[in-house]
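# Remarks on the overall topology
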Amino acid sequence: NRRALNERLEYEFLLAQRHTLPLSVLLLDVDHFKAYNDNFGHLAGDSVLQRLAEEVSHCTRETDFFARYGGEEFCLLLPQTDEDGALHLAERIHAAVSTLVELHQPITVSIGGATFSPAITSSSQLLAQADHMLYLAKRAGRNGTRHARESLLVLNQR
C-alpha cells in the first residue's frame, strides 16, 4: 500500500544518502487507461492492471520494491541502481508490456524516472522529480521514458 511504499522509500533514501549509494525511482502510468475502462469496463481494466503488475514483477529483482502508486500508476524503488540501470529496466518493462496478449486492445506505459544525487535532499523530492519526468513522458507522446539526469533530460522514446 501507499504507506508501505512511503516507508520503504524513506528507508532506501536515507541508506543511499548516508552511504552514497545509487537509488532510482521509476513511476509507470498506463497510457489512456480511462478510455480502456470506458470502452471495456472496470473488470477488464482491473485485469490489465493485474497483468501489468505480473509482467513488471518478472522484470525486477528481489531487492526492488514495486507498489501501486494510485489509480493506474505504479512505483518502482530500485536500490543500488544508477541512471543507466533504471533506463535499462524501463526498456525491459516497455518490451514486456508490448507482449501482453489476451487484452481487448494493446496497452502502453509511460515511465518517469529519477536517481538520487547529492542535490536531492529528501525522498519526497526524489519522488517528485520522477513524477515530473512521468508528466514529461506523457506530454512527449506517451509510450516512452523520461529520466532526470543531473538536471539534463534524457528522452528515450520508443
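You'll find the structure just up there.
Residues numbered from 1 in each chain as written. Predicted model: local features only at pLDDT ≥ 70, side-chain atom pairs only at ≥ 80, totals over all residues. Heavy atoms only, no water.

## Observations concerning the overall build of the protein chain
Helix and strand counts for the protein chain stand at five helices and six strands. Over its C-alpha trace the protein chain gives a radius of gyration of 15 Å, about what one expects of a compact globule, namely 15 Å for 158 residues. Its C-alpha atoms give the protein chain principal-axis dimensions of about 45 × 30 × 20 Å. Within the protein chain, buried positions represent 45% of all 158 residues. (Helix = DSSP H or I, 4+ residues; strand = E, 2+ residues; numbered from the N terminus. Rg over C-alpha atoms; globule rule 2.2 N^0.38 Å. Buried < 20%, exposed > 50% of the residue type's maximum accessible area, 1.4 Å probe, protein only.)

## With respect to the pairing of strand β4 (residues 109-115)
With seven of seven residues buried, β4 is to be regarded as a mostly interior element. Where burial is concerned, the two faces of β4 agree: the one with Val109, Ile111, Gly113 and Thr115 and the one with Ser110, Gly112 and Ala114 are both buried. Relative to β4, strand β1 (residues 23-30) runs antiparallel, the two sharing seven bridges. Across the sheet, residue Val25 finds its bridge partner in β4, namely Ala114. As paired elements, β4 and strand β5 (residues 144-149) share four bridges and run parallel to each other. Along β5, the bridge assignment pairs Ile111 with Thr145. Handedness of the β4-helix α5 (residues 123-139)-β5 crossover: left-handed. (Pairing = 2+ DSSP bridges. Right-handed = clockwise from strand over helix to strand, strands pointing away.)

## Observations regarding the pairing of strand β3 (residues 73-79)
For β3, a buried count of six out of seven residues is recorded, marking the element as mostly surrounded by other parts of the structure. Linking strand β2 (residues 65-70) to β3, which pair antiparallel, is a turn of two residues; within it Gly71 sits at a positive phi near 55°.

## Digging into the environment of Gly45
By secondary structure assignment, the location of Gly45 is in helix α3 (residues 42-59). The spacing of Gly45 and His104 is 59 residues in sequence and 9.7 Å in space, taken between C-alpha atoms. Those residues in contact with Gly45 that lie beyond four places of it in its chain are Phe33, Tyr36 and Asn37. (Contact = heavy atoms within 4.5 Å.)

## Overview of the environment of Ala16
Relative to the assigned elements, Ala16 resides in helix α1 (residues 2-19). Among the residues examined, Ala16 registers a relative accessible area of 2% and is labelled buried. C-alpha of Ala16 to C-alpha of Ser117: the two residues are 101 residues apart in sequence and 9.1 Å apart in space. The contacts of Ala16, once residues within four sequence positions are left out, are Leu21, Leu23 and Phe116.

## Points about α3
The end-to-end C-alpha distance of α3, which contains 18 residues, comes to 26 Å, matching closely the 26 Å that a straight helix rising 1.5 Å per residue would cover. Within α3, burial applies to Ala44, Gly45, Val48, Leu49, Leu52, Ala53, Val56 and Cys59. Tucked inside the fold, the buried residues of α3 contact β1, α2 (33-40), β2, β3, α4 (83-98) and β4. (Expected span 1.5 Å × (residues − 1).)

## So, the pattern of salt bridges
The final tally for this structure, using the stated rule, is six salt bridges. Salt-bridge contacts for Glu7 lead to Arg3; the nearest nitrogen and oxygen are separated by 3.7 Å. Highlighted residues: Glu7 and Arg3, both in helix α1, separated by four residues, approximately one helical turn. The shortest N-O distance in the salt bridge between Glu12 and Arg8 comes to 2.9 Å. Taken as a pair, Glu12 and Arg8 lie in helix α1 at a separation of four residues, close to a single helical turn. (Salt bridge = Lys/Arg side-chain N within 4 Å of Asp/Glu carboxyl O.)

It is worth stressing that arrangement in space is one thing and function is another; only the former is reported here.
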